[in-house]
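So you can see what is in the structure, the chains are spelled out below.
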Amino acid sequence: MKLVTYSNGTETRVGVVDVDAGEVRDIGDLLPAGSGMLEVIENWSSLQGAITTQAPSQPSVPLEKVRLLAPIPTPRRDIFCVGKNYREHVAEFGRSGYDQPDRSEALPEDPVVFTKATTSVTGPFDDIDPHSGVTSELDYEAELAVIIGTGGRGISYDDALDHVWGYTIVNDVTARDLQRKHKQWTIGKSLDTHCPMGPYAVTADEIVDVTALRVESHVNGAARQSAAVKDLIFDIPELISVLSAGITLLPGDVIATGTPAGVGIGFDPPRFLSSGDVVEVSITGLGAQRNRIA
Ligand code: MG
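Residues numbered from 1 in each chain as written. Predicted model: local features only at pLDDT ≥ 70, side-chain atom pairs only at ≥ 80, totals over all residues. Heavy atoms only, no water.

If you had to explain the pairing of strand E1 (residues 2-7) to someone new, which residues and values would you point to?
Of all six residues making up E1, six are buried, and the element is well covered by its neighbours. Of the two faces of E1, the one lined by Lys2, Val4 and Tyr6 and the one lined by Leu3, Thr5 and Ser7 are each fully buried. Sheet topology places E1 next to strand E14 (residues 201-203); two bridges connect them, and they run antiparallel. Each residue of the ladder has a partner; that of Lys2, found in E14, is Val202. Counting the residues in the hairpin turn of E1 and strand E2 (residues 12-18) gives four residues, including Gly9, whose phi is positive at 110°. Judged from the three bridges that link them, E1 and strand E5 (residues 67-69) form a sheet pairing that is antiparallel. Across the sheet, the residue bridging to Thr5 is Leu69, located in E5. (Buried < 20%, exposed > 50% of the residue type's maximum accessible area, 1.4 Å probe, protein only. Helix = DSSP H or I, 4+ residues; strand = E, 2+ residues; numbered from the N terminus. Pairing = 2+ DSSP bridges.)

Following this line, the structure appears as structure tokens:
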């Protein structure tokens, strides 16, 4: 099932998308009053039955008539992100000199984890703010993001996928100059609008083999990144087990799993984004997002 958060012009609603029909079914009447996507995810075990059977008979709106927002427009807390999790990207990042201070092309021995502020989240088709005057080195990172369903601490590798509610797409937009300048990555990764998310939150049951999904990006129509999720250095169960070892994961937590080679700093000279550029990120079965640099 593909769920969306959308604006009908006056209200923010939750719906189920039928991609082939090009329409969204408003499921607001099937949810407790005031529910957004976070409540849907948290109460999925009790809501899933009604949504599955009754969504097809709910009022429909053509997709082109609504504005899709990030599936989780305001996450409960910052988004967990994994750096340097595809081999070729580790190499290009090391060569670029932006991985201060070590300029290393060595593979990480443990997952490199940072977060993006909740206020960086923006819609799948919204403009990205270039933040001129704050950064002049804007880059893109196409990533598969995991959405946690059942939370927990000390989740084992073998149980990890049982805690996954679903998947979405995240563009881990990065201000490279700030990432390098401040050593720790929070500022360089967290500028407002620098986390386009969506278009859909896709339930895990719709993805037969997540490792077979392909993560791709294009800039102004030209292919930049393309890799299979099976190429992750630290796979999804390992990321969940490492993160949850001492941190309680919560329903609705988002974990961006890392980006493949082909980002702007992978080129010599680097190809940074500028106003008017259009970045598209797509993943098999999860749709595509398309954001213009304002
Ligand atoms: Mg990233």
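Run through empty space enclosed by the protein, naming residues and quoting values.
Tallied over the full model, the rule gives one cavity of 30 Å³ or more. When its volume is computed, the largest cavity comes out at roughly 70 Å³. Contributing to the lining of the largest cavity are 14 residues, with Gly83, Lys84, His89, Glu141 and Lys189 lying nearest its centre. Those elements that provide at least two residues to the lining of the largest cavity are strand E6 (79-83), helix H3 (87-96) and helix H4 (176-181). Its residues placed into classes, the lining of the largest cavity shows four nonpolar, four polar and six charged. (1 Å grid on protein atoms, 1.4 Å probe; cavity = no way out; pocket = protein on both sides within 12 Å on 5 of 7 lines; lining within 4 Å. Points joined across faces, edges and corners; volume = space filled by probe spheres on them. Nonpolar A, V, L, I, M, F, W, Y, C, P; charged D, E, K, R; others polar.)

An account of the pattern of salt bridges is requested, with residue identities and associated values reported.
Tallying each qualifying case throughout the model produces 16 salt bridges. Lys2 is the partner of Glu206 in a salt bridge, and the nearest nitrogen-oxygen pair spans 2.6 Å. Separated by 204 residues along the polypeptide, Glu206 in the loop between E14 and strand E15 (214-219) and Lys2 in strand E1 bring together distant segments of the chain. Glu11 is the salt-bridge partner of Arg13, the closest N and O atoms lying 3.5 Å from each other. (Salt bridge = Lys/Arg side-chain N within 4 Å of Asp/Glu carboxyl O.)

Please provide a residue-by-residue account of the layout of surface pockets, values included.
The volume enclosed by the largest pocket comes to roughly 230 Å³. Along the walls of the largest pocket sit 14 residues, with Trp44, Gly149, Thr150, Val164 and Trp165 positioned nearest its centre. Taken together, the elements giving at least two residues each to the lining of the largest pocket come down to helix H1 (37-42), helix H2 (44-54) and strand E11 (164-171). In terms of residue count, H2 provides more of the lining of the largest pocket than any other element does, three residues in total. A per-class count over the lining of the largest pocket returns six nonpolar, five polar and three charged. Shared between two domains, the lining of the largest pocket takes at least three residues from each, and those domains are domain 1 (2-68) and domain 2 (79-292). (Domains from an automatic or database assignment.)

Which residues make up the coordination of the magnesium ion, and what values do they have?
Only Glu141 (OE), Glu143 (OE) and Asp172 (OD) from the protein reach the magnesium ion as donors, at distances of 1.9 to 2.1 Å. Sequence spacing among the residues donating to the magnesium ion works out to E-x1-E-x28-D. Using a relative accessible area of 4% as the deciding quantity, one classes Glu141 as buried. (Donors = N, O, S within 2.8 Å, 3.2 Å for Na, K, Ca; no water.)

Could you give an account of the packing of aromatic side chains, naming the residues involved and the relevant values?
Under the counting rule described, the total for this entry stands at four aromatic pairs. Their ring planes at 80° and their centres at 5.5 Å tell us that Trp44 and Trp165 sit as a pair that is edge-to-face. With a gap of 121 residues between them, Trp44 in helix H2 and Trp165 in strand E11 connect regions that are remote in the sequence. Among the residues examined, Trp165 registers a relative accessible area of 5% and is labelled buried. A centroid spacing of 6.4 Å and a plane angle of 70° characterise the contact between Tyr98 and Phe272, whose relative ring orientation is edge-to-face. In this pair, Tyr98 sits in the loop between H3 and strand E7 (112-116) while Phe272 sits in the loop between strand E17 (254-256) and strand E18 (278-283), placing the two residues 174 residues apart along the sequence. Of the aromatic side chains, those joined through ring pairs into one cluster are Phe93, Phe114 and Trp185. Here Arg180 stacks its cationic end above the ring of Tyr98, 4.1 Å away from the centre of that ring. Of note, Arg271 hangs over the ring of Phe267, and the distance from its end group to the ring centre comes to 4.0 Å. (Phe/Tyr/Trp six-rings, centres within 6.5 Å; stacked < 30°, edge-to-face > 60°. Lys NZ or Arg CZ within 6 Å of the ring centre and 35° of its normal.)

Could you give me a rundown of the domain arrangement of the protein, with the residues and numbers involved?
Assigned domains within the protein: domain 1 (2-68) and domain 2 (79-292). Domain 1 and domain 2 are separated by 26 Å when their C-alpha centres are compared. Contacts between the two partners involve twelve residues from domain 1 and, on the opposite side, 17 residues from domain 2. Counting each side, the surface lost to burial between domain 1 and domain 2 is near 1200 Å², with a carbon and sulfur contribution of 65%. By the criterion of area lost to domain 2, the three top residues of domain 1 are Lys2, Ile41 and Leu68, representing 51% of everything that side buries. The interface formed by domain 1 and domain 2 contains two salt bridges. Residues Arg67 and Asp126 are paired through a salt bridge, measuring 3.0 Å at the closest nitrogen-oxygen approach. The interface formed by domain 1 and domain 2 includes three residue pairs in polar contact (both at pLDDT 80 or more). With four residues, H1 is the single largest residue contributor to the side of domain 1 that touches domain 2. (Contact = heavy atoms within 4.5 Å. Buried area = accessible area lost by both parts, 1.4 Å probe. Polar contact = N/O pair within 3.5 Å; in protein donor to acceptor, adjacent residues only side chain to side chain.)

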